[in-house]
Amino acid sequence: MKIKAAVVEKQDADFEIRDDVELADMGPDDLQVHMVASGICHSDEALRTGDAVIDYPIVLGHEGAGIVEKVGPEVTQFKPGDHVVLSFYACGNCKSCLKGIPTQCENYAANNLSGTRPDGSAHFTENGHQVADMFDQSSFTTTTVVRERNAVKVDPTLDLRKLGPLGCGYVTGSGTVLNTLQPRPGETIAVFGTGAVGLAAMMAGKIAGCTKVIGIDIVDSRLALAKELGATDVINSKSTDVVKAVQDLTDGKGVDYAVDTTGVTQVMEDSIKVLDQGGTTATIAVTPNHIDVDTWNNLCVNDKKIVGVNMGDSIPQVDIPRLIDFYKAGQFDFDKTEKFYKFSDINQANADSRSGKTIKPVLIIDDAYQPGK
């Protein structure tokens, strides 16, 4: 079937919304999903510019929310009319999946980062030529086909336009804290960067019972929002020695945990320096930048640790409903970071994300959608 999709033709090109993209036929465990909205993530931008590469041309988008239109004959958990949030695909059968760690799925790259289905067939074609996909879904489309394990059923009474970013940005930031670092009540955390991922990490730090949740950025308006969403303290690192400021807030010791969402070399290195003895920093940005670490003096002497975290070590079918429960309880107000844009304004929305003007742009793909109906 023909669909409308936003295509990036080559590295660093603008998005082009085209109406002649052909969607693949459904497989036995597939869902056909009518897209309502999709968040724009910095991972989309990294792939658009070539900081990370799958292939070109490509249909990006991986924070989709929509309504199931059709299901394949082997689908057991969904039916037409279900509201869903889309996330990454994990096979469910490898050693890591069976241990409950789908972000370490042995087939993760083949399923999410190959640009094709695992058998090499295309999700999308245009004029007979293959167009790459992202995360086995691609949500910058009016309709997509995904496998059952890509989807998470959500409460149909909620505003589906808001929920798509739970599939990546929000689950990544919160999961890094709740699943990976697992701070105990009374411990402390610093989060570098107040984008969607960083703010989600701060809200999770508050939920976990951290007595100090320190938000760090260079934009005062974002720091004000961080205070509103859960930061106990904020630091503008543009005008302040951030290492000294964190130490001053923690009786000279430093924090138990840090999260870097910026990918900036100096900031990633500072996320190590602000740690107390035995502390851990999680560096989770998609970035081409590197850091210089003296393993003995920077890490070993004070038993500090650096960890990489993929997708918040999340199980989407468990973690996304948990975040929705936190949202309903007033503990995870992620929608305060969002701004809606028309699908046709995708390039402006992406530019606003890139400049920092908008924390989480959300493309409204179906402008006729009415929440709760």
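The sections below set out a description of the structure shown in this document. The shown structure was predicted, so the numbers you read here are calculated from the model rather than taken from an experiment.

## Focus on helix 9 (residues 265–273)
Line of reasoning, step 1. For helix 9, the complete set of buried residues consists of V267, M268, E269, D270, S271 and I272.
Line of reasoning, step 2. Against strand 11 (188–192), helix 8 (242–249), strand 14 (255–260), strand 15 (275–283), helix 10 (295–300) and strand 16 (305–307) lie the buried residues of helix 9.

## Re the sheet that holds strand 13 (residues 233–236)
Line of reasoning, step 1. The strand order across the open sheet built from 6 strands is 13-12-11-14-15-16, with neighbouring strands paired in parallel fashion. In this open sheet, the two strands that pair with only one neighbour each are strand 13 and strand 16. The mean angle between the axes of side-by-side strands here comes to 20°, regardless of whether they run parallel or antiparallel.
Line of reasoning, step 2. Relative to strand 15, strand 14 runs parallel, the two being bridged by 5 bridges. Of the residues in strand 15, the one forming a bridge with Y257 is T280.
Line of reasoning, step 3. Relative to the sheet, helix 6 (residues 196–208) contacts strand 11 and strand 12 (212–217), its axis offset from that of strand 12 by approximately 170°.
Line of reasoning, step 4. On top of the sheet, helix 9 reaches strand 11, strand 14, strand 15 and strand 16; it is set at about 150° to strand 15, its chief contact.

## Overview of unusual backbone geometry
Line of reasoning, step 1. Cis rather than trans, the peptide bond between Y56 and P57 has omega equal to -10°.
Line of reasoning, step 2. The residue P57 is located in the loop between helix 1 (42–49) and strand 4 (58–59) in this model.
Line of reasoning, step 3. Phi is positive for M311, which is not a glycine, with a value near 55°.
Line of reasoning, step 4. Among the structural elements, M311 can be located in the loop between strand 16 and helix 11 (316–328).

## Thoughts on the side chain of T281
Line of reasoning, step 1. Note that T281 resides in strand 15.
Line of reasoning, step 2. The contacts of T281, once residues within four sequence positions are left out, are A258, V259, S271, I272, L275, K305, I306 and V307.

## As for the pairing of strand 12
Line of reasoning, step 1. Summarising burial for strand 12: 5 of the 6 residues are buried, a large majority.
Line of reasoning, step 2. Note: strand 11 against strand 12, 5 bridges, orientation parallel. The residue of strand 12 that forms the bridge with T188 is K212.
Line of reasoning, step 3. Running through helix 6, the crossover from strand 11 to the neighbouring parallel element strand 12 is right-handed.
Line of reasoning, step 4. Two strands pair when backbone bridges link them, and strand 12 and strand 13 are joined in this way by 4 bridges, in the parallel orientation. Bridge pairing in strand 13 links G215 to V234.
Line of reasoning, step 5. Taken together, strand 12, helix 7 (residues 220–229) and strand 13 form a β-α-β motif whose crossover is right-handed.

## Quick look at the nonpolar core
Generally speaking, soluble globular proteins have nonpolar side chains that are buried together.
Line of reasoning, step 1. Core analysis: the biggest nonpolar cluster contains 89 residues, and F140, L166, I189 and F332 have the highest contact counts within it.
Line of reasoning, step 2. If you tally residues by element for this core, the top one is helix 6, at 8 residues.
Line of reasoning, step 3. One finds F192, V242, V255 and V267 within the second-largest nonpolar core, a separate group that totals 14 residues.

Criteria and thresholds
Residues numbered from 1 in each chain as written. Predicted model: local features only at pLDDT ≥ 70, side-chain atom pairs only at ≥ 80, totals over all residues. Heavy atoms only, no water. Buried < 20%, exposed > 50% of the residue type's maximum accessible area, 1.4 Å probe, protein only. Helix = DSSP H or I, 4+ residues; strand = E, 2+ residues; numbered from the N terminus. Contact = heavy atoms within 4.5 Å. Pairing = 2+ DSSP bridges. Axes fitted to C-alpha atoms, helices over the stretch in contact; angles between N-to-C directions. Right-handed = clockwise from strand over helix to strand, strands pointing away. Core = buried A, V, L, I, M, F, W, Y, C linked by side-chain atoms within 4.5 Å.

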